[in-house]
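# Architecture and fold: a report
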Amino acid sequence: LLIPIDDVMMKSLPVYINPRQLAVSEQRLSGGLKLSAMPRLCRLLTSSEGTLQCDLGFKMEGRLPVMQAHLQAELWLSCERCCESVKYLLDRSVQFAFVSTEEQVQSIPAGMEAVVLTDAESSLPILLEDEALLSLPMVPKHNLSDCQGVVNDILQKSQSSQDEPETEKPNPFAILSQLKSQE
């Protein structure tokens, strides 16, 4: 799936980044990535309208290029209770350390996410989409009082059944006691 670059990024974010080059010069990038440009994320959303706002800062920590990312978006997910749209505010900060080999992953400081680079450049949209996916709740849902439709019907029925006095139901095994007494 190829999406034109103008449709993917706001003007200030590149599609590919060279983390080492950006970290050495301590660059800062800010901008947005359209949600519609993230197909894996869009499969989980009820609306692909909107933008993932990003603030990215690069620096060197020792010999490691590091990116501090702050991501924000308003995402619409499907509520697992009522199947209606529920708003989820993504607001996440994460640090990435870029390494060139799997062995270097072990030396990454705690609290950083390791990104193994196979080339000098990395796809920024894919990296940010991965982080947005990891930020989603396992079970998106409204507060119970906010759920629509089915949940409200169930709540109303359970409340009305609690209000009704219980009537004694006939015992289905009563006939057996009658048969036993006939013998």
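Whatever comes next refers back to the structure up there.
Residues numbered from 1 in each chain as written. Predicted model: local features only at pLDDT ≥ 70, side-chain atom pairs only at ≥ 80, totals over all residues. Heavy atoms only, no water.

### Side note on the pattern of salt bridges
- Inspection of every chain in the model, using the stated rule, returns six salt bridges.
- The partner of Arg40 in a salt bridge is Asp130, with the nearest N and O atoms 2.6 Å apart. Of this pair, Arg40 sits in helix 3 (residues 39–42) while Asp130 sits in helix 4 (residues 124–135); the two residues are 90 residues apart in sequence, bridging distant segments of the chain.
- What makes Asp130 partly exposed here is its relative accessible area of 31%.
- When the shortest N-O distance is used, the salt bridge between Glu131 and Arg92 registers 2.5 Å. Taken together, the positions of Glu131 in helix 4 and Arg92 in strand 6 (residues 85–99) put the pair 39 residues apart, joining distant regions of the chain.
- Residue classification places Glu131 among the buried positions, given a relative accessible area of 3%.
- Through salt bridges with shared partners, a single network forms among Arg40, Glu129 and Asp130. (Salt bridge = Lys/Arg side-chain N within 4 Å of Asp/Glu carboxyl O. Helix = DSSP H or I, 4+ residues; strand = E, 2+ residues; numbered from the N terminus. Buried < 20%, exposed > 50% of the residue type's maximum accessible area, 1.4 Å probe, protein only.)

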